[in-house]
Amino acid sequence: MTDSHFMGTPMGIRERKEREKGARREEIVNAAEKIFFEKGLALATMDEIAEAAELSKGTLYLYYKSKEDLYLAVAMKGNEILYQMFQKVLDSGVPPIQMIANLGEAYYEYFKNHRDYFRMFYFFENAQVQSQVSPEMMDLCQQSDKKVWNVVISVLQGGIDAGVLRKEIDPYEAGVMLWSNSNGIMRLIDRRGTTFEEHMKLDLENIMRKSNQMLVEGMMTEEGRKQMKYQILQLEGALEPKNLKQ
């Protein structure tokens, strides 16, 4: 039987409608992204998004229950980019200490190259705005966040299993510490970066790396410190590359 025969069956019709529905959702999210990036959540309107998507406002509400739901749908696109960047670090196979450092660098690259998505994280500071989100969308968002955090936890647990981070370290607590430090400094860079540089002569990017290193060093075993020292010497060109203990 041909594909066209199946398309005429109830199952084929349902599949086609689901594909069309998925394509329409993508069109709406892409249109909303442009408006949100330009105006932010507070100033953007569903009327503007509908016009950009070339749809009626009523059609938007068939797919998304509120402007806040649509905002999170866009934010999840950014989360997927971050997840892919983190997963690439996890799949790289480099030694655990280097992998932890690379994870921090990947987050900073995300901040630099996807600044509009990064700023969408600020949404979660406003409890009143969050209350406008449907339970279904909040659940999807939490699943998206969990994917990212699972990679972070896997990298840190790998360091514990390899004996370079102390066994009593909780990878979830360690992840929150490192994320909070990086996130806080990146937000300073985003909002007031030139102020610190011009008036205090401080390099916030350098401070972020130093403070993350201090946090990780506080979690390390002696073996971990040896590996970090070796990697620093290697980066400085004082040693020839060799395989480190995985």
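The following refers to the structure shown. Worth saying up front: this structure is predicted, and the values here are computed from it rather than measured.

1. Some words on the nonpolar core
Ranked by internal contacts, the top residues of the largest apolar core, which has 67 residues, are Phe36, Ile49, Tyr64, Leu70, Phe86 and Leu165. With 11 residues, the single largest contributor to this core is helix α5 (residues 67-90).

2. Looking at the layout of surface pockets
In this structure, the largest pocket occupies an estimated 1100 Å³ of space. The wall of the largest pocket is formed by 40 residues, among which Leu103, Gly104, Leu178, Ser182 and Asn212 lie closest to the centre. Those elements that place two or more of their residues in the lining of the largest pocket are α5, α6 (96-113), α9 (135-161), α10 (171-200), α11 (204-219) and α12 (222-235). A per-element tally of the lining of the largest pocket places α6 first, with nine residues.

3. Some details on α11
Since there are 3.6 residues in each turn of an α-helix, residues three or four apart along the chain are aligned in direction. With 16 residues, α11 ought to run about 22 Å at 1.5 Å a step, and its terminal C-alpha atoms sit 23 Å apart, in line with that. When α11 is considered as a whole, its buried residues turn out to be Leu204, Met208, Ser211, Asn212, Val216 and Met219. Buried residues of α11, seen end-on, are gathered within an arc of 135 degrees and therefore sit on one face of the element. Exposed residues on α11 whose side chains face more than 90 degrees from its buried face are Lys210 and Met214. Put simply, Asp203 is the residue that caps the front of α11, since its side-chain oxygen is 3.1 Å from the backbone nitrogen of Glu205.

4. Let's talk about the packing of aromatic side chains
Within the structure shown, the criterion is met by 11 aromatic pairs. The structure contains a cluster of three or more aromatic residues connected by ring pairs, namely Phe86, Tyr107, Tyr108, Tyr110, Phe111, Phe118, Phe121 and Tyr122. Between Arg25 and the ring centre of Tyr64, over which it is positioned, the NZ or CZ distance is 5.1 Å. If you follow Arg115 out to its NZ or CZ, it ends over the ring of Phe111, 3.8 Å from the centre.

5. A closer look at empty space enclosed by the protein
In total, this model carries one cavity of 30 Å³ or more according to the counting rule given. In this structure, the largest cavity spans a volume of roughly 60 Å³. Considering the residues around the largest cavity, the lining is formed by Ala75, Met76, Asn79, Tyr117, Met120, Phe121, Phe124, Cys141 and Asp145. If you list the elements that add at least two residues to the lining of the largest cavity, you get α5 and α9. A total of three residues in the lining of the largest cavity trace back to one element, the largest contributor, which is α5. Among the residues forming the lining of the largest cavity, the class breakdown is seven nonpolar, one polar and one charged.

6. Things to note about the environment of Val216
Within the secondary structure, Val216 sits in helix α11. A residue is classified by how much of its surface remains accessible, and Val216, at 9% relative accessible area, is buried. For the pair Val216 and Leu178, spaced 38 residues apart in sequence, the C-alpha to C-alpha distance is 8.2 Å.

7. A short note on the packing of α6 against α9
Taken N-terminus to C-terminus, the directions of α6 and α9 make an angle of 155 degrees; their axes are 9 Å apart at the nearest point. In this view, α6 runs roughly antiparallel relative to α9, as classed from their interaxial angle. Every pair of crossing elements has a handedness; the one defined by α6 and α9 is left-handed. Only Val152, Val155, Leu156, Gly158 and Gly159 of α9 make contact with α6, whose side of the interface consists of Pro96, Met99, Ile100 and Leu103. In terms of residue class, the contact of α6 with α9 is built from seven nonpolar, two polar and no charged.

8. Let's talk about a nonpolar patch on the surface
Taken together, the side chains of Met200, Leu202 and Ile207 define a hydrophobic patch exposed on the protein surface, amounting to about 230 Å² of accessible area. With respect to the element layout, Leu202 can be found in the loop between α10 and α11.

9. Brief notes about the environment of Ser56
Looking at the element boundaries, Ser56 is found in the loop between α3 (46-53) and α4 (57-63). The sequence separation of Ser56 and Met46 amounts to 10 residues, and the corresponding C-alpha distance is 9.5 Å. A polar contact of 2.8 Å, which involves the side chain of Ser56, links it to the side chain of Thr59.

10. Digging into the packing of α6 against α11
Direction vectors running N to C along α6 and α11 enclose 150 degrees, while the axes themselves pass 11 Å from each other. Here α6 is positioned roughly antiparallel relative to α11, judged by the angle of their axes. In this structure, α6 crosses over α11, and the sense of that crossing is right-handed. Only Glu205, Met208, Arg209 and Val216 of α11 make contact with α6, whose side of the interface consists of Ile100, Glu105 and Tyr108. Of the residues contributing to the contact of α6 with α11, the split by class is four nonpolar, no polar and three charged.

The rules behind these values
Residues numbered from 1 in each chain as written. Predicted model: local features only at pLDDT ≥ 70, side-chain atom pairs only at ≥ 80, totals over all residues. Heavy atoms only, no water. Core = buried A, V, L, I, M, F, W, Y, C linked by side-chain atoms within 4.5 Å. Buried < 20%, exposed > 50% of the residue type's maximum accessible area, 1.4 Å probe, protein only. Helix = DSSP H or I, 4+ residues; strand = E, 2+ residues; numbered from the N terminus. 1 Å grid on protein atoms, 1.4 Å probe; cavity = no way out; pocket = protein on both sides within 12 Å on 5 of 7 lines; lining within 4 Å. Points joined across faces, edges and corners; volume = space filled by probe spheres on them. Expected span 1.5 Å × (residues − 1). Arc of directions from axis to C-beta. Polar contact = N/O pair within 3.5 Å; in protein donor to acceptor, adjacent residues only side chain to side chain. Phe/Tyr/Trp six-rings, centres within 6.5 Å; stacked < 30°, edge-to-face > 60°. Lys NZ or Arg CZ within 6 Å of the ring centre and 35° of its normal. Nonpolar A, V, L, I, M, F, W, Y, C, P; charged D, E, K, R; others polar. Axes fitted to C-alpha atoms, helices over the stretch in contact; angles between N-to-C directions. Parallel < 35°, antiparallel > 145°, perpendicular 65-115°, else oblique. Left-handed = near helix turned anticlockwise from the far one by under 90°. Contact = heavy atoms within 4.5 Å. Patch = residues over 30% accessible without salt bridge, like charges linked within 9 Å, V, L, I, M, F, W, Y side chains within 5 Å. Areas by Shrake-Rupley, 256 points an atom, 1.4 Å probe, with all protein chains shown as cover. Salt bridge = Lys/Arg side-chain N within 4 Å of Asp/Glu carboxyl O.

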